[in-house]
Number of protein chains: 2
Amino acid sequence: MNRLNRYIPATAWLKEYTRGDMQTDMMASIIVTIMLIPQSLAYAMLAGLPPAVGLYASILPLIAYALFGSSRTLAVGPVAVVSMMTGTAALQFAAPNTAEYLSVVILLAAVSGLFLLLLGLFKLGFLANLLSHPVISGFISASAILIALGQVKHILGVKASGHNLIEMLESMWHNLADTNLTTLVIGVGAIISLHLLRKYFKGILMALGLSSHQAQLASKAGPVLVVVISTLIVAMMKLDQTGVKVVGEVPSGFPPLALPNMDFNLIMDLLPAAILISIVGFVESVSVAQSFAAKRRQSIDPNQELVGLGAANLSSAFSGGFPVTGGFSRSVVSFDAGAKTPMTGVFTALLILLTLSFLTGAFYYLPKAVLAATIVVAVVQLIDVKGFLEVWRYSKQDASALIATFTVVLLAGVEAGIITGVSLSLLLFLWHASHPHIAVVGRVAGTEHFRNVERFQVETNKEVLTVRIDESLFFANARVLEDKITQLVAQNKEVKDVVLMCTAVNMIDASALESLEMICERLHSTGIHLHLSEVKGPVMDRLKGSTLISHLSGNIYLTQNQAFEDLCRSKG
Amino acid sequence: MNRLNRYIPATAWLKEYTRGDMQTDMMASIIVTIMLIPQSLAYAMLAGLPPAVGLYASILPLIAYALFGSSRTLAVGPVAVVSMMTGTAALQFAAPNTAEYLSVVILLAAVSGLFLLLLGLFKLGFLANLLSHPVISGFISASAILIALGQVKHILGVKASGHNLIEMLESMWHNLADTNLTTLVIGVGAIISLHLLRKYFKGILMALGLSSHQAQLASKAGPVLVVVISTLIVAMMKLDQTGVKVVGEVPSGFPPLALPNMDFNLIMDLLPAAILISIVGFVESVSVAQSFAAKRRQSIDPNQELVGLGAANLSSAFSGGFPVTGGFSRSVVSFDAGAKTPMTGVFTALLILLTLSFLTGAFYYLPKAVLAATIVVAVVQLIDVKGFLEVWRYSKQDASALIATFTVVLLAGVEAGIITGVSLSLLLFLWHASHPHIAVVGRVAGTEHFRNVERFQVETNKEVLTVRIDESLFFANARVLEDKITQLVAQNKEVKDVVLMCTAVNMIDASALESLEMICERLHSTGIHLHLSEVKGPVMDRLKGSTLISHLSGNIYLTQNQAFEDLCRSKG
């Protein structure tokens, strides 16, 4: 792979791009566009933005990702969770539907893009690993609940606001009397229709003679059907004059190209939110990309994904858009529709641009309650009860991280929730690492294999104590090791040799090295030799130059069996 | 061990306390007291407090620790680093030598004591493991430099202040012209005397006929000699009237017993500093306690240490003192002087109380420059260049954590430095864990031992791929594992069986379990079976109920050798 291919993956696949690829990519882009338009409008509304901004965020970012992203299937654009996070963050600095609010959101996309780009260039993608699956699961489920509840006001046609579950419910309760019945009927009708379409549309289409694959694809147009029909009803019955909120005027034409307003203090204030939005977006995106790559036996490069998403967000900021990332459902549609290359994204962007230029009038009578309904139906599926039960059965520790994240997101917001979840995961891991499982081992008769004396019938020798420590030796457990060895030697008075079996020791850091030297010295002062066995290559490489090896009172054995035979023999 | 013994260790050793123990403990306490008095005065000055407060902090805390602490040798009281941290923290809320300043410091001791107590009761002592040896080393060295520089103003007799290295040097430079020559002579003279005494006093005493042990002990009185002589000189020559700053009036009598002023907002403001002071104090204390316990084949319980130190700090707060912890040099003296039990601390406390009651007049003419000199000579030894070089040679990663901590402490203060060091250590560890060493292994001929194909001459089979992952499987590397296995299988086209050798896998969390299930499913879809070998007891216990085991396409083997033989045999 040459340098250019590495930094701009598009240069690799563009060379082999054929006319056939172009046809399938174009077909796929039409289907993706049909799905993306109502999503863009809805997620803009979710972020408290004018509908046009949703469309702006679905043009340049798609082209930027096609150039710089490493996944061939990922479809980027506005997504539910990131849109909600954007809205929550921007609310702290400006009121919705004001010029300041829009400029805060644009700046958020710029800072987030820059941050992703920097992470990618410095190859810091591993930082996203900090978000464990349970934390992500808890965070997504709680966000889905918050998002769905946030939409209820559009479906009731009332005003409501709030940063967390309780504030939201309270505010909604106070305004319940203002419910607009027509809006409620439209909203609930849309939810029921969307739900039924999702469940039965494919079957109906197949009954009408479409193949399973065709029906699958066409069924994705279900939401568009609901959007079109409801818009027509509102337009014909002039329901907007009876209080049903509609999308209204959407300015037509190209997105406004401009540099974001770079206010340094505001940038600093937005940084924490931008970092969180970036990381959440990246994690969501990279999981989706990875699962598709595996299906096609391709691979993705997490650091290049950071560059791709960074470029997408920066270009979103430069064209008046808001933070974007890779979306699961639209990637599935794109994949199912046969998209071969990221060119699908480019074609989709062009189609959205055409829509913006010529079709914005069609959205005038689209009721907001229907957009809210599409959001509700989409996010409700993100609530992962089954996943929670599985984690709960497997590990109470992991489950506690999930529950903590879920609860704190609901009650105190996304930022606090994720920080709680990550901190708790780290602490639980450190707790585990600082309470290592330490087994005294013996030889399983008839083999060269050594196992825990408490779990297996094994051969041992009173004068040779073999200890297996099941953890890398580093600062979190350096002190524990000293304690345990001292304790074991005190309990076994006849011991002359201690063998540290290092099969599970993947690293020895400077703190642990100091502890090992201390242990060696103390054992030596009571006439006991310390030996090491089965030290791994990379660990041994580093130990070679250290004082531990020069001061070691015993030997280093390649295998535990050699150590055991040699030391037992020397006892006669 | 019954419940009472467990929470109040004193009840255990008091039962066996003999008259002989009492005699040696009393002797030791006299020597410790002689050393502790000038230290208490000096460290109170270091914290910006009146000298009497240093003595208050050396009475009740010693008794509280004797009751609740688990170390039989540790001598608690004011120490250099914690005193500096106390002063720095208090400066943010009040001006030195005011009543508010004193009440802030007292509150700091109370909050710190409460925090330690809670950590101990909830058995959270492992949190102190977060401070790796390199971080502690960097932090102590930088603190020593800051402390020593902070004393230069007393030795020059000028005014100076500042929160970091640069501010301090600047402020000193501006006031250099005000240097009081007499003070300078006294200060420099004291430093030189202290240094010479430390180096040659023991030799001189031995030449005078004392035994090595006696000379060792008596030489610890060196600083007292300097204090006494310089006080006499100043008193006789009335140097205090020529501008030499002296300790002055020290109120005699019992420490003032009172509840600290519990201002909730102030407590919240002080909390971060209190937490840091507590943890630093605890780490310092527990290392000292552990090294003495090992010498006498006793053990200490870190969680009980937290309770002991918590009680000591609370009682310091209730008697007008400031934060205390276990000190290294005074514990050495106590140990060398033959202290058998914590009763030494009780006797020392009584002797200090006697001093406070009857001897405070003797400190009037004690020059501050001499106290500063004792601090300088004590802390300069804490600068650990040799330790740094050793860490640098062993691991550049650990060294970078040390350097970062050192630099940030010097330039931005202790809090920022420790936070930087701990975060960096954690990130480096996670970086390591998320880039696990993965080896394809084969059998070392003539043994049942499997090693890396790239490092050893080993037997392999084209259709059986054995992969050893040198890391616990958890959220930090769950994604990496998927990538690596997919990659390895893609490179080895003939593979029919993949064996995951789990010798180094000490834990599989929910995130990694999900990844393993994904790997198993993907391999299965291409006709490859996934097997596990040498899964450890605790890991297997947990896996048993999981879906991974029920969906596993291959077997679980007790030993890697059995897996290899079985799978090779089935290939015929």
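Residues numbered from 1 in each chain as written. Chains lettered and ligands numbered in written order. Predicted model: local features only at pLDDT ≥ 70, side-chain atom pairs only at ≥ 80, totals over all residues. Heavy atoms only, no water.

1. Considerations on the overall build of chain A
Each helix and strand counted, chain A has 25 helices and nine strands in total. Expressed as lengths along the three principal axes of its C-alpha atoms, the size of chain A is roughly 100 × 60 × 55 Å. Counting over 572 residues, chain A shows a buried share of 56%. When contacts within chain A are restricted to residue pairs at least 6 apart in sequence, those whose partners lie at least 24 apart make up 79%. Surface accessibility of chain A: about 24,000 Å² in total, with carbon and sulfur atoms responsible for 64%. If the 38 positive side-chain charges of chain A are averaged to one point and the 37 negative ones to another, these points end up 8 Å apart. (Helix = DSSP H or I, 4+ residues; strand = E, 2+ residues; numbered from the N terminus. Buried < 20%, exposed > 50% of the residue type's maximum accessible area, 1.4 Å probe, protein only. Contact = heavy atoms within 4.5 Å. Areas by Shrake-Rupley, 256 points an atom, 1.4 Å probe, with all protein chains shown as cover. Lys, Arg positive; Asp, Glu negative; His and termini not counted. Charge placed at Lys NZ, Arg CZ, Asp CG, Glu CD.)

2. Side note on the nonpolar core
Ranked by size, the top nonpolar core spans 236 residues in total, and within it Phe139(A) and Phe139(B) carry the most contacts. In this view, Phe139(A) contacts Val81(A), Met85(A), Val280(A), Thr405(A), Val409(A), Val414(A) and Ile418(A); residues no more than four positions away in its chain are not counted. (Core = buried A, V, L, I, M, F, W, Y, C linked by side-chain atoms within 4.5 Å.)

3. A look at helix α10 (residues 181-207) of chain B
Each α-helix turn comprises 3.6 residues. Residues three or four places apart therefore point the same way. Residue and element names in this part refer to chain B. Over its 27 residues, α10 extends 36 Å from the first C-alpha to the last, a length consistent with the 39 Å expected when each residue adds 1.5 Å. Remark: the principal bend of α10, roughly 50°, maps to Tyr 200. Burial in α10 covers these residues: Thr 183, Ile 186, Gly 187, Ala 190, Leu 194, Leu 197, Phe 201 and Leu 205. Of the surrounding secondary structure, the elements contacted by the buried residues of α10 are α8 (133-156), α11 (212-219), α12 (222-237) and α17 (368-380). The N-terminus of α10 is capped by Asn 180, whose side-chain oxygen sits 3.1 Å from the backbone nitrogen of Thr 182. (Expected span 1.5 Å × (residues − 1). Bend = angle between axes of the 7 residues up to and from the residue. Polar contact = N/O pair within 3.5 Å; in protein donor to acceptor, adjacent residues only side chain to side chain.)

4. Considering the interface of chain B and chain A
At the interface, 73 residues of chain B touch 73 residues of chain A. Here chain B packs against chain A, burying approximately 6,500 Å² in sum over the two surfaces, 59% of which is carbon and sulfur. Three residues stand out in chain B for area buried against chain A, namely Tyr394(B), Phe475(B) and Arg479(B), and they jointly supply 14% of the buried area on that side. If you look at where chain B meets chain A, you find four salt bridges. Here Lys536(A) makes a salt bridge to Asp470(B), at a shortest N to O gap of 3.3 Å. Applying the counting rule to chain B against chain A returns 20 residue pairs in polar contact (both at pLDDT 80 or more). (Buried area = accessible area lost by both parts, 1.4 Å probe. Salt bridge = Lys/Arg side-chain N within 4 Å of Asp/Glu carboxyl O.)

5. Digging into the packing of aromatic side chains
Going through the model one piece at a time under the given rule, you end up with 13 aromatic pairs over all chains. Seen in terms of ring centroids, Tyr364(A) and Tyr365(A) are 4.9 Å apart; in terms of plane orientation they differ by 70°. Their pairing is edge-to-face. Note on Trp13(B) and Tyr17(B): the rings are 6.2 Å apart at their centroids and 65° apart in plane angle, and the pair reads as edge-to-face. You'll find Trp13(B) and Tyr17(B) in the same group, each marked buried. Directly above the aromatic system of Trp392(B) lies the positively charged group of Lys396(B), at a separation of 4.8 Å from the ring centroid. Directly above the aromatic system of Tyr394(A) lies the positively charged group of Arg542(B), at a separation of 5.8 Å from the ring centroid. (Phe/Tyr/Trp six-rings, centres within 6.5 Å; stacked < 30°, edge-to-face > 60°. Lys NZ or Arg CZ within 6 Å of the ring centre and 35° of its normal.)

6. Comments concerning the packing of helix α10 (residues 181-207) of chain A against helix α11 (residues 212-219) of chain A
Residues and elements named next belong to chain A. Where α10 meets α11, the axes come as close as 8 Å, and the angle between the chain directions of the two elements is 135°. In terms of orientation, α10 and α11 fall into the oblique class. Once α10 is placed against α11, the crossing between them reads as right-handed. Facing α10, whose interface residues are Phe 201, Lys 202, Leu 205 and Met 206, α11 presents Ser 212, Ala 215, Gln 216, Ala 218 and Ser 219. (Axes fitted to C-alpha atoms, helices over the stretch in contact; angles between N-to-C directions. Parallel < 35°, antiparallel > 145°, perpendicular 65-115°, else oblique. Left-handed = near helix turned anticlockwise from the far one by under 90°.)

7. Concerning the relation of the copies chain B and chain A
In the superposition of chain B on chain A (RMSD 0.1 Å, axial shift 0.0 Å), the rotation amounts to 180°. This pairing of chains is accounted for by a two-fold axis. Measuring from the rotation axis to each C-alpha of chain B, the shortest distance belongs to Ala504(B), at 1.9 Å. (Least-squares fit on C-alpha atoms with pLDDT ≥ 70 in both.)

8. Description of helix α15 (residues 328-336) of chain B
Residues Arg330(B), Ser331(B), Val333(B), Ser334(B) and Phe335(B) constitute the buried set of α15(B). Note on α15(B): the residue one or two positions beyond its end, Gly338(B), has a positive phi of about 90°.

9. Comments concerning the packing of α10(A) against helix α12 (residues 222-237) of chain A
Residues and elements named next belong to chain A. Taken N-terminus to C-terminus, the directions of α10 and α12 make an angle of 150°; their axes are 9 Å apart at the nearest point. Taken as axis vectors, α10 and α12 run roughly antiparallel relative to one another. Between α10 and α12 lies a crossing of right-handed hand. The segment α10 lies against α12, with Ile 186, Ala 190, Ser 193, Leu 194, Leu 197 and Phe 201 engaging Gly 222, Pro 223, Leu 225, Val 226 and Val 234. In terms of residue class, the contact of α10 with α12 is built from nine nonpolar, two polar and no charged. (Nonpolar A, V, L, I, M, F, W, Y, C, P; charged D, E, K, R; others polar.)

10. A short note on the pairing of strand β8 (residues 529-533) of chain B
Residues and elements named next belong to chain B. Counting buried positions along β8 gives four out of five residues, so the element sits mostly inside the fold. Judged from the five bridges that link them, strand β7 (residues 497-501) and β8 form a sheet pairing that is parallel. The residue of β8 that forms the bridge with Leu 500 is Leu 532. As a crossover connection, the stretch from β7 through helix α22 (residues 510-525) into β8 is right-handed. By the bridge criterion, two bridges tie β8 to strand β9 (residues 556-557) in an arrangement that is parallel. Each bridged residue has a counterpart across the sheet, and for Ser 533 the counterpart in β9 is Tyr 557. (Pairing = 2+ DSSP bridges. Right-handed = clockwise from strand over helix to strand, strands pointing away.)

11. Some remarks on the environment of Leu523(B)
Residues and elements named next belong to chain B. Residue placement: Leu 523 occurs in helix α22. With 25 residues separating them in the primary sequence, Leu 523 and Val 498 have C-alpha atoms 8.7 Å apart. Setting aside anything within four residues of it in sequence, one finds Leu 523 in contact with Ile 485, Val 489, Val 498, Ile 528 and Leu 530.

None of the figures reported here should be taken as evidence of function without further support.
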